[in-house]
Amino acid sequence: MRWIVEGEGNSLDELIQKLNRSIDSESVAIQNTLVQMLRINAVNPRMGGPGEEERADFLEDLLRHEGFSVKRVDIKDTGTGRTRPNLSTRLEGREPRNLWFVAHLDTVPVGSRSLWKTDPFAPLIRDGKIIARGAEDNGQSLVSSLFALRELKRLDVRLPFNVGIWLVSDEEFGSEYGIKHLLSHGHFRRDDLVVVPDSGTPDGADIEIAEKGLLWFKVTVLGKQVHASVPSKGANAHRIGISLTADLDKTLHKKYREEDTLFRETRSTFEPTMVEANVANVNTIPGVDVSYFDCRVLPVYDLSDVISDVKKRISVYEKKYRVRIHLEVIQSDSAGPATSNKSDVSTLLAKAIKRTLGRQPNFIGIGGLTVGNLFRKKGIPTAVWSTIDEVAHEPNEYCRIRNLINDTKVFAALPLVA
Ligand SMILES: [Zn+2]
């Protein structure tokens, strides 16, 4: 790979210094934009909020004012009657492929208002922080991406490829009206480079390039309830349940044992978690036993194989104890293939972080699922990164101004550093 950036006789170092000076001098404007945006309530309408439209209008105006042409994909949400906006703009580069920063417009509700020390929709600047609902998730990165693009525009260099942003709806409620729609309607290319700045760490040292598949299932054993003094007349659902749970625990761990050191939990995990209450007194044999598993499965495995193994063990127990056992898959989200740490998006982001923040980032995998996975499932290499204190969804959510500015520098440097 060889990207050449043409600035008028500027070395890369000079270009990046110029960029960083300019971003520093725009610090107040960047903060103000975030504050103004956070004043607009954009709680996801599926969670009882007004939705993303007003916030999208504000950002569209801002982009047009800066001379960008804006593509807008508005989708009618039949459930809430709201329009769900998605905005995009980009700078043209020499190659047709795109580098996209994808950030989301919506937020979760404020939660318990009494836990907030300040008004969640009246952003407050204090101690180097901006405090408001959505300040971290995803306001900080949205504004960082937007200003990175504006700075690249002002720098007026020829970019190696197109560089753009997508500001999307509905991330907090499944992305049906955001990324999922855009992916299924051809708005992204297989050779695009995607950065999703919607997860991160306080030191900005981890680039997330892989996620585990998520499987939640519920097992209901239907035995026969009797008095505890005559167990042979009944079928103790609890005994069958705990025995089956132990069996599944052992079987799944044994079969899906591959290790991947990218992940802190290097293996797939299969955890028996919740158990529902059964009988109310000690001297009754429970006729029903309900228990749950939380499984996080490495991307090399197929979740349908895990489910079919669970079914096989269940049928063994049904025959052995002559009872009915019901399996319900509550959630099943497979993981897309991990993005290689050698892919363009991984190496460019790592270089931009190294140059801007002066540290060599690690590549990691995580046990949860982000929208980065939706891109990976379509075969699009995707890196998830930002510098945040991880206070998303909490009361008194905030972002650090230092992170807002530094991440803007990293994003702006990304297309320049190859
Ligand atoms: Zn988010």
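Residues numbered from 1 in each chain as written. Predicted model: local features only at pLDDT ≥ 70, side-chain atom pairs only at ≥ 80, totals over all residues. Heavy atoms only, no water.

A. Representation of the overall build of the chain in the model. In terms of regular secondary structure, the chain is built from ten helices and 19 strands. Dimensions of the chain along its principal axes, counting C-alpha atoms only, are 90 × 50 × 40 Å. A buried classification covers 54% of the 418 residues belonging to the chain. In the chain, of all internal contacts separated by at least 6 residues, the share reaching a separation of at least 24 is 79%. Surface summary for the chain: the accessible area is close to 18,600 Å², and the carbon and sulfur share equals 48%. Taking the average location of the 57 positive side-chain charges in the chain and that of its 57 negative ones, the two points are 5 Å from each other. (Helix = DSSP H or I, 4+ residues; strand = E, 2+ residues; numbered from the N terminus. Buried < 20%, exposed > 50% of the residue type's maximum accessible area, 1.4 Å probe, protein only. Contact = heavy atoms within 4.5 Å. Areas by Shrake-Rupley, 256 points an atom, 1.4 Å probe, with all protein chains shown as cover. Lys, Arg positive; Asp, Glu negative; His and termini not counted. Charge placed at Lys NZ, Arg CZ, Asp CG, Glu CD.)

B. Region of interest: the pattern of salt bridges. Per the counting criterion, the structure on display carries 30 salt bridges. For E66, the salt bridge identified is with R150, shortest N-O distance 3.2 Å. Of this pair, E66 sits in the loop between α3 (53–65) and β1 (71–72) while R150 is found in helix α4 (residues 135–155), placing the two residues 84 residues apart along the sequence. Take E66: its relative accessible area is 22%, and that puts it in the partly exposed class. (Salt bridge = Lys/Arg side-chain N within 4 Å of Asp/Glu carboxyl O.)

C. Focus on the coordination of the zinc ion. Note on the zinc ion: its protein donors are H104 (NE2), D137 (OD), D198 (OD) and D198 (OD). The metal-donor distances range over 1.8 to 2.5 Å. Around the zinc ion sit four donor atoms, and with donor-metal-donor angles ranging over 54 to 148° the site reads as irregular. With relative accessibility at 9%, the residue D137 sits in the buried group. (Donors = N, O, S within 2.8 Å, 3.2 Å for Na, K, Ca; no water. Tetrahedral: all angles 85-135°; square planar, octahedral: opposite > 155°, others 65-115°.)

D. Quick peek at the packing of α4 against helix α10 (residues 401–413). Running from amino to carboxyl end, α4 crosses α10 at an angle of 45°, the nearest separation of the two axes being 8 Å. Relative to α10, the element α4 is oriented oblique. Here α4 runs over α10; the crossing is right-handed. Between α4, through Q140, S141, V143, S144, S145, F147, A148 and L152, and α10, the contact on the second element is made entirely by N403, L404, D407, T408, F411 and A412. Tallied by class, residues from the contact of α4 with α10 come to seven nonpolar, six polar and one charged. (Axes fitted to C-alpha atoms, helices over the stretch in contact; angles between N-to-C directions. Parallel < 35°, antiparallel > 145°, perpendicular 65-115°, else oblique. Left-handed = near helix turned anticlockwise from the far one by under 90°. Nonpolar A, V, L, I, M, F, W, Y, C, P; charged D, E, K, R; others polar.)

E. Expanded view of the environment of T251. Topologically, T251 is positioned in helix α6 (residues 237–255). Sequence separation of T251 and I125 is 126 residues, and the distance between their C-alpha atoms is 53 Å. Here the side chain of T251 touches D247 through a polar contact of 2.7 Å, landing on its backbone oxygen. (Polar contact = N/O pair within 3.5 Å; in protein donor to acceptor, adjacent residues only side chain to side chain.)

F. Main features of the pairing of strand β11 (residues 213–222). With respect to burial, β11 is a largely interior element, eight of its ten residues being buried. As defined by bridge partners, β11 adjoins strand β16 (residues 324–333) across nine bridges and the pair is classed as antiparallel. Counterpart to V221 in the pairing with β16 is I325. (Pairing = 2+ DSSP bridges.)

G. Structural view of the nonpolar core. In terms of nonpolar packing, the biggest core is built from 63 residues, with L59, L142, L146 and L167 touching the most fellow members. A total of nine residues in this core trace back to one element, the largest contributor, which is α4. Here L146 is in contact with L59, L62, L63, I165 and L167, once residues within four sequence places are set aside. Formed by 28 residues, the second largest nonpolar core is a distinct cluster that contains A210, V219, A237 and I307. (Core = buried A, V, L, I, M, F, W, Y, C linked by side-chain atoms within 4.5 Å.)

H. Main features of the packing of aromatic side chains. Overall, the coordinates contain ten aromatic pairs when judged by the stated rule. Residues F188 and F375 carry aromatic rings whose centres are separated by 5.0 Å and whose planes lie at 85° to one another, so their mutual orientation is edge-to-face. Of this pair, F188 sits in the loop between α5 (179–184) and β9 (193–196) while F375 sits in helix α9 (residues 372–377), and the two are 187 residues apart along the sequence. Exposure class is identical for F188 and F375. Each is buried. Through pairs of rings, three or more aromatic residues link up here, namely W100, W166, F188 and F375. (Phe/Tyr/Trp six-rings, centres within 6.5 Å; stacked < 30°, edge-to-face > 60°.)

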